[in-house]
Amino acid sequence: MAVSIKSAREIELMRESCRLLSIVHDELGKAIRPGISTYEIDALGEKLIRDCGCIPNFLHYNGYPASICVSVNDEVVHGIPRKDRILQEGDIVSLDAGLIYKGYHSDAARTYGVGKISAEAQQLIDVTKQSFFEGIKMAKAGNHLYDISNAIDAYVSQFGYGIVRDLVGHGIGTSLHEDPQIPNFAQRRRGLKLQAGMTLAIEPMINMGRCDVEWLEDDWTVVAEDGSLSAHYENTVLITEGEPEILTLPISER
Ligand code: MF3
Ligand code: CO
C-alpha cells in the first residue's frame with residue numbers, strides 16, 4: 001500500500017485527534033500511583049476518550065479486549081489490563097493509548113515510574129523518550145525514512161540497551177496502522193523519501209537487557225525474554241518541509 005499524504009483538511013482532523021489524545025494521556029499520567037490496578041487505568045482511559053466524543057481505536061482491534069495497553073516492568077507492549085494487577089512502588093508502567101476523531105486515528109505511549117523508582121529504571125525511561133527526539137530530528141521532507149531508524153539506534157546503542165526488533169512504528173491516518181513500517185534499529189538501506197503531509201507514529205520500545213521478546217499465553221502481552229525492564233515512548237508526528245509537528249504532545253511540551 002502506498003504511503004498516504006494528508007490534505008490540509010485531513011491534517012486539521014489529525015491535529016484535533018492528537019490534541020485530544022494528549023489530554024487523555026496527561027490525565028492518565030496523573031492517575032499513576034501505587035495501589036491502582038491496570039484495569040482502573042483502562043477504565044479511566046476509555047471514559048476520557050468517550051467523554052470527548054471519540055472512539056478508543058485499540059478496543060477490539062484484532063480482538064484486543066481493552067482501550068489502553070498497560071505494560072508493567074518487563075512487559076514491553078500490549079499488556080492487557082486486569083483487576084488483580086496492582087501497581088507497586090518501584091514499578092515502571094507503559095501506557096499506550098489511541099483514539100478516533102471524525103475517522104482519524106491518533107496513537108501515543110508514555111512510560112512512568114510508580115512512586116520512587118531506581119536510578120537505572122529512570123535512565124531507561126529517559127533514554128527511551130530521548131531516542132524518539134533523536135529520531136525525529138531526521139524527520140523532515142527530503143530525508144529518508146531510515147534516517148529516523150538509524151538516529152534512534154545510534155543514540156540508544158550508546159547505553160547498551162536492547163532495541164526491540166519484532167515491533168515497529170507505522171504510518172497512521174484513517175487506519176491505526178498504515179504503511180510505512182518504521183523500525184527503531186539501524187537499516188542498511190535509506191528507505192522511502194519523506195514527504196510533507198505524511199503522518200507517522202514513531203515508537204521506540206527499549207529493553208534494559210537484550211532485545212529479544214516473547215509473547216505470553218494471552219497471545220498479546222509482549223515481554224522481554226530475559227525479564228529485564230522495558231520502556232516505550234510514542235507520538236504521532238506530521239512531516240513538514242521544516243521541523244516535524246509532534247501532534248500528540250501539548251504545545252507547551254514541544
Ligand atoms: N499503539 C499500538 C501499536 O501501534 C496499538 C496497539 S493495538 C492493540 O501497535 F490492539 F494492541 F491495542
Ligand atoms: Co503505534
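Scroll up a little and you will see the structure.
Because the structure is a prediction, the values reported are computed rather than measured.

What the rule picks out here adds up to six aromatic pairs. Note on F133 and Y233: the rings are 6.1 Å apart at their centroids and 40 degrees apart in plane angle, and the pair reads as tilted. Of this pair, F133 sits in helix α3 (residues 119-136) while Y233 sits in the loop between β13 (230-232) and β14 (235-238), placing them 100 residues apart in sequence. Using a relative accessible area of 5% as the deciding quantity, one classes Y233 as buried. Through a chain of ring-to-ring contacts, three or more aromatic side chains come together here, namely F132, F133 and Y233. Taking NZ or CZ as reference, K83 lies 4.7 Å from the ring centre of Y39, over its face. Note that R165 overlies the ring of F185, its terminal NZ or CZ placed 4.1 Å from the centroid.

Turning next to the site of ligand 1. Every residue close to ligand 1 is listed here: F58, Y61, Y64, C69, H78, D96, D107, H170, H177, E203, W220 and E234. At 3.5 Å from an oxygen atom of ligand 1 is found a side-chain nitrogen or oxygen belonging to H78. Burial of ligand 1 by the protein chains amounts to 95% of its free accessible area of 340 Å². Judged by the fraction of its atoms near the pocket grid, ligand 1 is located in the largest pocket.

Its volume calculated, the largest pocket comes out at about 430 Å³. Lining the largest pocket are 23 residues, with Y61, H78, H170, H177 and E203 positioned closest to its centre. For the lining of the largest pocket, the elements supplying multiple residues, two or more each, are β7 (169-171) and β8 (178-182). Ranked by the residues each element gives to the lining of the largest pocket, the list is headed by β8, at three residues. Split by residue class, the lining of the largest pocket holds ten nonpolar, seven polar and six charged. Approximately 230 Å³ is the volume found for the second largest pocket.

So, on to the coordination of the cobalt ion (ligand 2). Within the protein, D107 (OD), H170 (NE2), E203 (OE) and E234 (OE) serve as the donor atoms for the cobalt ion (ligand 2), at 2.1 to 2.3 Å. The sequence pattern formed by the donor residues of the cobalt ion (ligand 2) is D-x62-H-x32-E-x30-E. Taken together, the residues span a long stretch of sequence, with D107 in strand β5 (residues 104-113) and E234 in the loop between β13 and β14 at a distance of 127 residues. No difference in accessibility class separates D107 from E234, as the two residues are buried.

A few words now on the sheet that holds strand β10 (residues 205-207). The antiparallel open sheet is built from three strands, whose spatial order is β6-β10-β13. Looking along the sheet, the strands with just one partner apiece sit at the ends: β6 (162-163) and β13. The pairing of β6 with β10 spans two bridges and is classified as antiparallel. Of the residues in β10, the one forming a bridge with I163 is I206. Running at roughly 35 degrees to β13, α3 makes contact with β10 and β13 of the sheet.

A separate point is the nonpolar core. One finds I32, I41, I68, L87, V93, L95 and L99 to be the most contacted residues of the largest nonpolar core, which totals 36 residues. Taken together, the elements giving at least two residues each to this core come down to α1 (8-31), α2 (38-51), β2 (68-72), β4 (92-101) and β5. With nine residues, α1 is the single largest residue contributor to this core. Each residue touching I32, except ones within four places of it in the same chain, is listed here: I41, L87, V93, L95, Y112, G113 and V114. In this structure, A121, V127, A139 and V156 belong to the second largest nonpolar core, which totals 32 residues.

One open sheet accounts for five strands, arranged β8-β7-β9-β14-β15; its pairing is antiparallel. The open sheet has two edge strands, β8 and β15 (245-246), and neither has a second partner. The pairing of β7 with strand β9 (residues 199-202) spans two bridges and is classified as antiparallel. Opposite H170, over in β9, you have A201 as the bridge partner. Relative to the sheet, helix α4 (residues 145-157) contacts β8 and β9, its axis offset from that of β8 by approximately 35 degrees.

A word on the pairing of β4. Burial analysis of β4 places ten of its ten residues in the buried class, the great majority of the element. Residues I92, S94, D96, G98 and I100 point to one face of β4 and V93, L95, A97, L99 and Y101 to the other, with burial holding for every one of them. Of the pairings in the sheet, the one linking strand β1 (residues 55-56) to β4 comprises two bridges and is antiparallel in character. Looking at the pairing, I55 lines up with I100 of β4. Pairing between β2 and β4: five bridges, direction antiparallel.

Cut-offs used in this document
- Residues numbered from 1 in each chain as written.
- Chains lettered and ligands numbered in written order.
- Predicted model: local features only at pLDDT ≥ 70, side-chain atom pairs only at ≥ 80, totals over all residues.
- Heavy atoms only, no water.
- Phe/Tyr/Trp six-rings, centres within 6.5 Å; stacked < 30°, edge-to-face > 60°.
- Helix = DSSP H or I, 4+ residues; strand = E, 2+ residues; numbered from the N terminus.
- Buried < 20%, exposed > 50% of the residue type's maximum accessible area, 1.4 Å probe, protein only.
- Lys NZ or Arg CZ within 6 Å of the ring centre and 35° of its normal.
- Near = heavy atom within 4 Å.
- Polar contact = N/O pair within 3.5 Å; in protein donor to acceptor, adjacent residues only side chain to side chain.
- Areas by Shrake-Rupley, 256 points an atom, 1.4 Å probe, with all protein chains shown as cover.
- 1 Å grid on protein atoms, 1.4 Å probe; cavity = no way out; pocket = protein on both sides within 12 Å on 5 of 7 lines; lining within 4 Å.
- Sits in = over half its atoms within 2 Å of the grid points.
- Points joined across faces, edges and corners; volume = space filled by probe spheres on them.
- Nonpolar A, V, L, I, M, F, W, Y, C, P; charged D, E, K, R; others polar.
- Donors = N, O, S within 2.8 Å, 3.2 Å for Na, K, Ca; no water.
- Pairing = 2+ DSSP bridges.
- Contact = heavy atoms within 4.5 Å.
- Axes fitted to C-alpha atoms, helices over the stretch in contact; angles between N-to-C directions.
- Core = buried A, V, L, I, M, F, W, Y, C linked by side-chain atoms within 4.5 Å.

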